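Secondary and tertiary structure notes
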Protein chains: 2
Amino acid sequence: MHETYKISSVSKNGSSLLVDWNDGEKSTYNFLWLRDNCPSGVHPTARERTFNLLTVTENIHPKSYEINPEGMLEIEWSEGDHISKYDSKWLRHNCYTLKNKESYKSPYTLWDNSMQNSFEKITIDYEEIISGDEGLKKWLEQLHYLGISLVKNAPTEKDSGFDLLKNISHHRETFFKTPFQVIDIPNPNNSAYTAKDLRNHIDLPYYEIAPGYQFLHCLINEAAGGQSIAVDGFRVALYLKENFNDYFNILLNTPVKFVNRDYTANTIRVMHAPLITLDRNNDFNDIRFSAAYMGVMDCSPDKMDKFYIAYRKLLELLHDEKFEINFRLEPGDIYSFNNRRVLHGRKEYDPNSGERHLQGYYIDRDEIIGRLNFLNKVNP
Amino acid sequence: MHETYKISSVSKNGSSLLVDWNDGEKSTYNFLWLRDNCPSGVHPTARERTFNLLTVTENIHPKSYEINPEGMLEIEWSEGDHISKYDSKWLRHNCYTLKNKESYKSPYTLWDNSMQNSFEKITIDYEEIISGDEGLKKWLEQLHYLGISLVKNAPTEKDSGFDLLKNISHHRETFFKTPFQVIDIPNPNNSAYTAKDLRNHIDLPYYEIAPGYQFLHCLINEAAGGQSIAVDGFRVALYLKENFNDYFNILLNTPVKFVNRDYTANTIRVMHAPLITLDRNNDFNDIRFSAAYMGVMDCSPDKMDKFYIAYRKLLELLHDEKFEINFRLEPGDIYSFNNRRVLHGRKEYDPNSGERHLQGYYIDRDEIIGRLNFLNKVNP
């Protein structure tokens, strides 16, 4: 049963109303905040705020207020000849006093090489995903919480990745086109298009925001070698923070230059951003790491010595086997991962030993989280 | 004639080489930095760094160094049996000591309503753009420096905006599809799809990164009303900074919640970010403003009173006629603007007075800047 809270009393307190709840909690509601969120000011289908805050001054205040017989907070405003009615459940849900008392819980479960023995946690069957919302939700949870998922037994027809991914949303287009083809080609514009080994990296670090998720759909894998590698960059960043805090702080505070001059695109991409960023909760936001695309570092000379030592340490940890898992992609696998958290790599393969063909797709992180919010009926 | 610099002398200085130039400048080059940027460690076509920094320790240093007869800095390393040769021109261009002495110059030219009398600065003919790189460059410069451009005399066939935009790059897809149709529809999922006035806003503020540029291609405009409005949000932010610095700082430091629950998409999008953000040079980065999509504010109760006063002031300035320009879109116009800088709005129109049909496109900011870098032969 959903717990219901009732308002015990309301009083004025400077520029806010102070609400006492029947369970002892207290909330403050700023006058402009209240007026701005009056339920009457929302478009019925577009669900947008239609109320224009400029129709009132910053001095607006309740001329009178009361708890009406339905238990709603009813306010008659000093301006605009307007009465607002707020449901107590809505007030409680949106109480910013209480929201700001809650401690932050990270959605991320970090992992290291012990995941090698728990592949079932990051594996899901294609049929399970397309058979309904429960399967889709499970997959999106693997992607959002663990940052990695291996979809098994997908079709192996060309471009059939679209059939699965459209269950999430549209894709993120890039100059590599969609899907991009991971095969061995002459004069490659990217070393992914060779048979060489690829050290652990994220894709497209020279974009203002690199694609949120990457999907590598294995169609054919008859070549010897080419084992895939994955590392949880957030786990490595935590290790760095706990064991080399100075280095962690240097990397957090030093924008790095990434450059792309793809010879097939008439474009020169340059982006400065730190290798590790945090979000507003000080949780991990991005690992932006690709030695291949790091431009010539141009931070201040005072910082360069420290930066390079810290950078080399991060590079070392990101290739430390205590954090790496590895696996061989089979035809019908769709290797899916948070491209701004999980670094991917691969071992060299022998292009003469058999064909190897992956097709790649990107989808932004907004789409993964937004779809999961919808399936979880999140009330933001 | 390109000025050439010569190295006068080189000496060791702790973990760096100290270079004296013939014009009196001095540069320091960190050992790891030098080793990491050895020209031999780059893939010939992919232009990626192939050198692996983990093949050397953090203690690597020059066993010997000299200026060779070609004027190059030649280093024999203490590890790896390797000799590196650096062109002096390259060393000078990439000298981070000198780079960090240069003061930052903003690429942005800010504007207010006086632009109303200088429309030629932000106008360009369609033919000029498609006739060659000079026209394209001029258009991209309007977009990048001024944040706004009115393309005149474009074709008015449906979807013909693609013909122009492909000169830049691929587009940024969203759930509105591409192109999206700005017309009056029943049960709109967005108030843009009504005939009502739209207050100044940016599009899609609930995305982690809202689309960088928006292109509104006018196919038909026979309706009375519907005047377009534009405001340089960076100009307004500067005014706020200069005249209401406390408010400016509050807005800079308070993440705001944006929410989208489009009823046509099975997604709930929630994003927290400040209304104004700066870049690493303290230049303006983003104005993220849409009253329509602002969720119920949830900052800390200590900040709420101040936030709402500052927010209302920004709202006021963003609709102050001293900053607004306005114009009527004609068929064949492509109204193009930096969606994370320039706010757009429109006046109400009468849907019974005639047809009005715009088609909209988005392209990310990376693509505008990257293409301009290419046309300007930028050497990053």
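What counts and what doesn't
Residues numbered from 1 in each chain as written. Chains lettered and ligands numbered in written order. Predicted model: local features only at pLDDT ≥ 70, side-chain atom pairs only at ≥ 80, totals over all residues. Heavy atoms only, no water. UniProt positions renumbered as here; feature names shortened; annotations may be inferred. Salt bridge = Lys/Arg side-chain N within 4 Å of Asp/Glu carboxyl O. Helix = DSSP H or I, 4+ residues; strand = E, 2+ residues; numbered from the N terminus. Pairing = 2+ DSSP bridges. Axes fitted to C-alpha atoms, helices over the stretch in contact; angles between N-to-C directions. Contact = heavy atoms within 4.5 Å. Buried area = accessible area lost by both parts, 1.4 Å probe. Polar contact = N/O pair within 3.5 Å; in protein donor to acceptor, adjacent residues only side chain to side chain. Domains from an automatic or database assignment. Buried < 20%, exposed > 50% of the residue type's maximum accessible area, 1.4 Å probe, protein only. Parallel < 35°, antiparallel > 145°, perpendicular 65-115°, else oblique. Left-handed = near helix turned anticlockwise from the far one by under 90°. Nonpolar A, V, L, I, M, F, W, Y, C, P; charged D, E, K, R; others polar.

Chain A appears in an unreviewed UniProt entry as TauD/TfdA-like domain-containing protein from marine metagenome. UniProt, in its Sequence similarities (unreviewed entry) section for chain A, records the words "Belongs to the gamma-BBH/TMLD family."

Another point: the pattern of salt bridges. Charged atoms that come close allow side chains of opposite charge to pair. For the structure shown, the criterion picks out 36 salt bridges over all chains. The closest approach of N and O atoms between Glu316 of chain A and Arg312 of chain A, which form a salt bridge, is 2.9 Å. With Glu316 of chain A and Arg312 of chain A both in helix α9 (residues 301-317) and four residues apart, this pair spans about one turn of that helix. With a closest N to O distance of 3.2 Å, Glu316 of chain B and Lys313 of chain B form a salt bridge. Linking Glu316 of chain B with Lys313 of chain B, this pair stays in helix α9 (residues 301-318), spanning three residues, or about one helical turn.

On to the sheet that holds strand β1 (residues 7-13) of chain B, then. Strand pairing in a sheet is mediated by backbone hydrogen bonds. Such pairs are either parallel or antiparallel. Residues and elements named next belong to chain B. The strand order across the open sheet built from three strands is β1-β2-β3, with neighbouring strands paired in antiparallel fashion. The open sheet has two edge strands with one neighbour each: β1 and β3 (26-30). Adjacent strand axes in the sheet meet at a mean angle of 25°, parallel and antiparallel pairs treated alike. As defined by bridge partners, strand β2 (residues 16-21) adjoins β3 across five bridges and the pair is classed as antiparallel. Residue pairing for β3: Asp20 is matched across the bridge by Lys26.

Chain A puts 87 residues into the contact, and the matching count from chain B is 87 residues. Taking both partners together, chain A and chain B bury about 7800 Å²; carbon and sulfur atoms supply 54% of that area. Scanning the region where chain A abuts chain B turns up six salt bridges. Among the ionic pairs, Arg340 of chain B bridges to Glu208 of chain A, the shortest N-O distance being 2.5 Å. Linking chain A to chain B there are 52 residue pairs in polar contact (both at pLDDT 80 or more). When contributions to the side of chain A that touches chain B are tallied by element, the ones reaching two or more residues are β3 (26-30), α1 (31-36), α3 (96-99), β14 (256-260), β15 (269-273), α9 and α10 (365-375) of chain A. The element contributing the most residues to the side of chain A that touches chain B is α9 of chain A, with nine residues.

Here we come to the domain arrangement of chain A. Here the domain parsing of chain A yields domain 1 (7-99) and domain 2 (113-375). Once you take the C-alpha centre of each, domain 1 of chain A and domain 2 of chain A turn out to be 45 Å apart.

A word on the sheet that holds strand β10 (residues 198-201) of chain B. Residues and elements named next belong to chain B. Strand order across the open sheet formed by four strands is β10-β20-β13-β18, with antiparallel pairing between neighbours. Of all strands in the sheet, those with a lone pairing partner are β10 and β18 (324-327), marking the two edges. Each strand of the sheet is rotated relative to its neighbour by a mean of 20°, with strand direction disregarded. Two strands pair when backbone bridges link them, and strand β13 (residues 228-232) and β18 are joined in this way by four bridges, in the antiparallel orientation. Bridge pairing links Ile229 to Asn326 in β18. Packing against the sheet, helix α7 (residues 233-243) makes contact with β13 and β20 (342-346), and its axis sits at approximately 45° to β13.

Most of helix α10 (residues 365-375) of chain B is tucked away: nine of the 11 residues are buried. The set of residues buried in α10 of chain B consists of Arg365, Asp366, Glu367, Ile368, Gly370, Arg371, Leu372, Asn373 and Leu375 of chain B. Taken together, the buried residues of α10 of chain B touch β15 of chain A together with α5 (133-146), β11 (213-221), β17 (284-287), β19 (334-338) and β22 (356-363) of chain B. Lys377 of chain B sits one or two residues past α10 of chain B and shows a positive phi near 50°.

Let us now look at the packing of α5 of chain B against α10 of chain B. All names here are of chain B. It is at 10 Å that the axes of α5 and α10 come closest, and there the two elements cross at 135°. Considered as vectors, α5 and α10 are oriented oblique to each other. The handedness of the crossing between α5 and α10 is left-handed. In this structure, α5 uses Asp133, Leu136, Lys137, Leu140, Glu141, Leu143 and His144 to contact α10, whose residues at the interface are Ile368, Ile369, Arg371, Leu372 and Leu375. Of the residues belonging to the contact of α5 with α10, the class tally is seven nonpolar, one polar and four charged.

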